[in-house]
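Summary of structural features
So you can see what is in the structure, the chains are spelled out below.
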Amino acid sequence: MVPRGIRNNNPLNIRKGSHWQGLRTEQTDSEFCQFISMEWGFRAAFKVLFTYLAKRVDTVDKIIRRWAPPSENNTENYITTVCKFGCLERHTLIKKSDKQKLCRLVWAMAKVECGQTLSFGLIENAYQLALR
């Protein structure tokens, strides 16, 4: 079965609540946004992360604790897995301008959320789209 985040072109499983650019006209998932392409789903994820960074939620540990709180997830496992796959340290400072760290973070989070490795090039393109 295809993971929900892949079916919805929403690889980080962003919940409904904001009117994102790139949403499908018809939203058939009751909980999560559905995007017209994976690139738009990744763009939305970067936009959320940019907001976190502006509020000093700026390490892998802080970001994941906010993104995947213990009330809904095994947050500690999520952090450990993202650090391993993204080649990141949990307390490393992440800045909006650090494309490589942010792209590795999003790539690893998508792997946790969807159980699949997705195109790193697509993620880099979405980062650029999110900066506009």
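What counts as what
Within each chain, residues carry numbers counting from 1 in the order of the written sequence. Given that the model is predicted, a residue must reach a pLDDT of at least 70 before its local features are reported, and side-chain atom pairs must reach 80 or more before they are shown or counted; all residues, however, enter totals for whole chains, interfaces and linings. Where side-chain values are given, they derive from all heavy atoms of the structure, hydrogens and water being excluded. Space inside and on the surface of the protein is sampled on a 1 Å grid over the protein atoms alone, with a cavity defined as a set of points where a 1.4 Å probe fits but cannot get out and a pocket as an open set with protein on both sides within 12 Å along at least 5 of 7 lines; lining residues have an atom within 4 Å of a point. Grid points are joined across faces, edges and corners, and a volume is the space filled by probe spheres set on the points. Strands here mean DSSP runs of E at least two residues long; helices mean DSSP runs of H or I at least four residues long; both are numbered from the N terminus. The nonpolar class holds Ala, Val, Leu, Ile, Met, Phe, Trp, Tyr, Cys and Pro. Asp, Glu, Lys and Arg form the charged class, and all remaining residues, Gly among them, are polar. Burial classification: accessible surface area is computed with a 1.4 Å probe over protein chains only, and a residue below 20% of its type maximum counts as buried, one above 50% as exposed, and the rest as partly exposed. Counted as a polar contact is a pair of N or O atoms within 3.5 Å, where, for protein atoms, one must be capable of donating a hydrogen and the other of accepting one, and residues adjacent in sequence contribute only when both atoms are in side chains. In what follows, residue pairs with any heavy atoms lying within 4.5 Å of each other are defined as contacts. Working definition of a nonpolar core: buried Ala, Val, Leu, Ile, Met, Phe, Trp, Tyr and Cys residues. They are joined through side-chain atoms within 4.5 Å. For this text, the term disulfide refers to a pair of cysteine sulfurs within 2.5 Å. Only the six-membered ring of Trp is used, alongside the rings of Phe and Tyr, when aromatic pairs are assigned; centres must lie within 6.5 Å, and planes under 30 degrees apart are stacked while those over 60 apart are edge-to-face, with the rest tilted.

**Considerations on the layout of surface pockets**
Which parts of space are left empty comes out when a probe the size of a water molecule is rolled across the atoms. The computed volume of the largest pocket comes to approximately 310 Å³. Along the walls of the largest pocket sit 14 residues, with Leu12, Asn13, Arg15, Trp67 and Glu72 positioned nearest its centre. Of all the elements in the fold, those that place two or more residues in the lining of the largest pocket are helix 2 (38-54) and helix 3 (60-67). Here the residues of the lining of the largest pocket are counted per class, giving eight nonpolar, two polar and four charged.

**Some points on the side chain of aspartate 29**
Within the secondary structure layout, aspartate 29 lies in the loop between helix 1 (4-7) and helix 2. Since its relative accessible area comes to 9%, aspartate 29 is described here as buried. Here asparagine 8 takes part through its side chain, which lies 3.0 Å from a polar atom of the side chain of aspartate 29. Filtering out sequence-adjacent residues up to four positions away, aspartate 29 remains in contact with Arg4, Asn8, Lys16 and Gln34.

**Looking at the nonpolar core**
Counting residues in each nonpolar core, the largest one holds 43 residues, and the members touching the most others are Phe42, Phe46, Trp67, Leu102 and Leu105. Per-element tally for this core: the top contributor is helix 2, with 10 residues. Discounting residues that sit within four places of it in the chain, phenylalanine 46 has contacts with Leu102, Cys103, Val106, Ile123, Ala126, Tyr127 and Ala130.

**So, the state of the cysteines**
Counted under the stated rule, the structure contains zero disulfides. Cysteine 33 takes part in no disulfide bond, and the closest cysteine sulfur to it belongs to cysteine 114, at a distance of 14 Å. A relative accessible area of 2% places cysteine 33 in the buried class.

**Structural notes on the environment of alanine 110**
Tracing the chain through its elements places alanine 110 in helix 5 (residues 99-114). Discounting chain neighbours no more than four positions away, the residues touching alanine 110 are Pro11, Leu12, Phe42, Gly115, Gln116 and Leu118.

**Points about the packing of aromatic side chains**
Tallied over the full model, the rule gives four aromatic pairs. Ring geometry for phenylalanine 46 versus tyrosine 127: centroids 5.4 Å apart, planes at 75°, classification edge-to-face. Taken together, the residues phenylalanine 46 in helix 2 and tyrosine 127 in helix 6 (residues 120-131) connect sequence positions 81 residues apart. An identical accessibility class is assigned to phenylalanine 46 and tyrosine 127; each is buried. Between tyrosine 52 and tryptophan 67, the ring centres sit 6.1 Å apart and the planes meet at 70°, which makes this aromatic pair edge-to-face. Placement of the pair is tyrosine 52 in helix 2 and tryptophan 67 in helix 3, with a sequence separation of 15 residues.

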